[in-house]
Amino acid sequence: MHRSTSAPPFGLDEREREAAALAAPPQQAGTGPGPAQAPAAGARGLRAPGTAARTAAPTRSHARDRTTAVLAALAIGTGWALVPAVVVWVTWWFTSYDVDAAETLSLAAGLTGAAVLGALLPCAVRLGSGHRPRLGAPSSWVPPVKPALTASALLLLYWLLGRNSSARADHIKADSDLLRGIGWGPFWDYAGQNAFRPSGGDILVSLLLLPVMAGCGAAGYRAGRELARRWERRHTGR
């Protein structure tokens, strides 16, 4: 029987080439002709577009880590209160205003530091080992500019208006000049007198003290909240 040797139908060679191309393994990007294929977004070690470039640092919540974080927050709050208090007493020594005003300004500085702690401590406990402020990273402990300026302006305002007010009936100022003149013991005996003879100016200064204290507390709490948000963004990525 005679076998036909005629040519295959039109298009058969093209279909064979297409079938061979489908059966061949896919080429890797950059090893053959044609455009390189972009790696899948979910591939291991790769990031999908729009994801954060930095991963959150791991944190631990053991009691030891929380204690360390709380101690660091206490150091920051104490430092924020100590710096203005030192400035108050240095200026008292060299400019010689009444010691009662210096004590009041120190109290306002302490209230600012306490408000800072009220905002920092919950964040420090929550972050645990993620809260590690370092001296080499000022953003982890330096107070925000606006709240710090607000508290400083309030302290300066009270110093300008109330530095000569006192709670004593005697009109002799208990200033640093008196301390240098009569000595440590007699000075504090005199400064500790609590007999009060109110005047119009003293009453106005006493009324000014309330908004100054409230403003310092609010500024300290705001500064603590802003610093806590810095810690959270740095260690949790949010």
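Residues numbered from 1 in each chain as written. Predicted model: local features only at pLDDT ≥ 70, side-chain atom pairs only at ≥ 80, totals over all residues. Heavy atoms only, no water.

A. Structural detail: the overall build of the protein chain. A count of helical and extended segments in the protein chain gives seven helices and zero strands. Counting helices and strands in the order they occur from the N terminus, the protein chain gives α-α-α-α-α-α-α. Counting across all 238 residues of the protein chain, residues that qualify as buried make up 31%. The contacts in the protein chain between residues at least 6 apart in sequence include a share of 81% that link residues at least 24 apart. Summing over all exposed atoms, the protein chain offers an accessible surface of approximately 15,400 Å²; the carbon and sulfur share of this is 64%. (Helix = DSSP H or I, 4+ residues; strand = E, 2+ residues; numbered from the N terminus. Buried < 20%, exposed > 50% of the residue type's maximum accessible area, 1.4 Å probe, protein only. Contact = heavy atoms within 4.5 Å. Areas by Shrake-Rupley, 256 points an atom, 1.4 Å probe, with all protein chains shown as cover.)

B. View of the pattern of salt bridges. Scanning all chains against the criterion turns up four salt bridges. In this structure, the salt-bridge partner of R126 is E232, at a minimum N-O distance of 2.2 Å. Note that R126 is positioned in helix α3 (residues 99-127) and E232 in helix α7 (residues 200-236), a separation of 106 residues in sequence. Residue class for R126 comes out partly exposed when judged on its relative accessible area of 47%. The salt bridge involving D177 is made with R180; its shortest N-O contact spans 2.6 Å. Of this pair, D177 and R180 both sit in helix α5 (residues 176-182), separated by three residues, roughly a single helical turn. In this structure D177 comes out as partly exposed when scored by relative accessible area, which is 46%. Since its relative accessible area comes to 44%, R180 is described here as partly exposed. (Salt bridge = Lys/Arg side-chain N within 4 Å of Asp/Glu carboxyl O.)

C. Representation of the packing of α3 against helix α6 (residues 184-191). Two elements in contact, α3 and α6, have axes whose closest approach is 11 Å; the angle formed by their N-to-C orientations is 80 degrees. As the angle between them shows, α3 and α6 are arranged roughly perpendicular. Seen from α3, the contacting residues are V99, D100 and E103; seen from α6, they are F187, W188 and A191. (Axes fitted to C-alpha atoms, helices over the stretch in contact; angles between N-to-C directions. Parallel < 35°, antiparallel > 145°, perpendicular 65-115°, else oblique.)

D. Just α6, in detail. For α6, the full list of buried residues reads F187, Y190 and A191. The buried residues of α6 occupy one face: seen down the axis, they fall within an arc of 100 degrees. Where α6 is buried, its residues meet α2 (63-95), α3 and α5. (Arc of directions from axis to C-beta.)

E. Structural detail: the packing of aromatic side chains. All chains considered together, the criterion is met by six aromatic pairs. With centroids separated by 5.7 Å and ring planes inclined at 65 degrees, the aromatic side chains of W184 and W188 adopt a geometry described as edge-to-face. Of the two residues, W184 and W188 are both situated in helix α6; the distance of four residues between them amounts to about one turn of the helix. Grouping aromatic residues by their ring pairs yields a cluster made of W89, W92, W93, W184, F187 and W188. The lysine or arginine in question, R163, covers the ring of W159, its NZ or CZ lying 4.7 Å from the ring centre. A cation sits over an aromatic face here: R180 above W93, 4.6 Å from the ring centre. (Phe/Tyr/Trp six-rings, centres within 6.5 Å; stacked < 30°, edge-to-face > 60°. Lys NZ or Arg CZ within 6 Å of the ring centre and 35° of its normal.)

F. How the structure looks around α2. Its 33 residues give α2 an end-to-end C-alpha distance of 48 Å, which sits within 8% of 48 Å, the value for a rise of 1.5 Å per residue. If you check which residues of α2 are buried, you get D65, A69, A72, A73, I76, G77, W80, A81, A85, V88 and W92. Positive phi appears at S96, one or two residues downstream of α2, with a value of about 60 degrees. (Expected span 1.5 Å × (residues − 1).)

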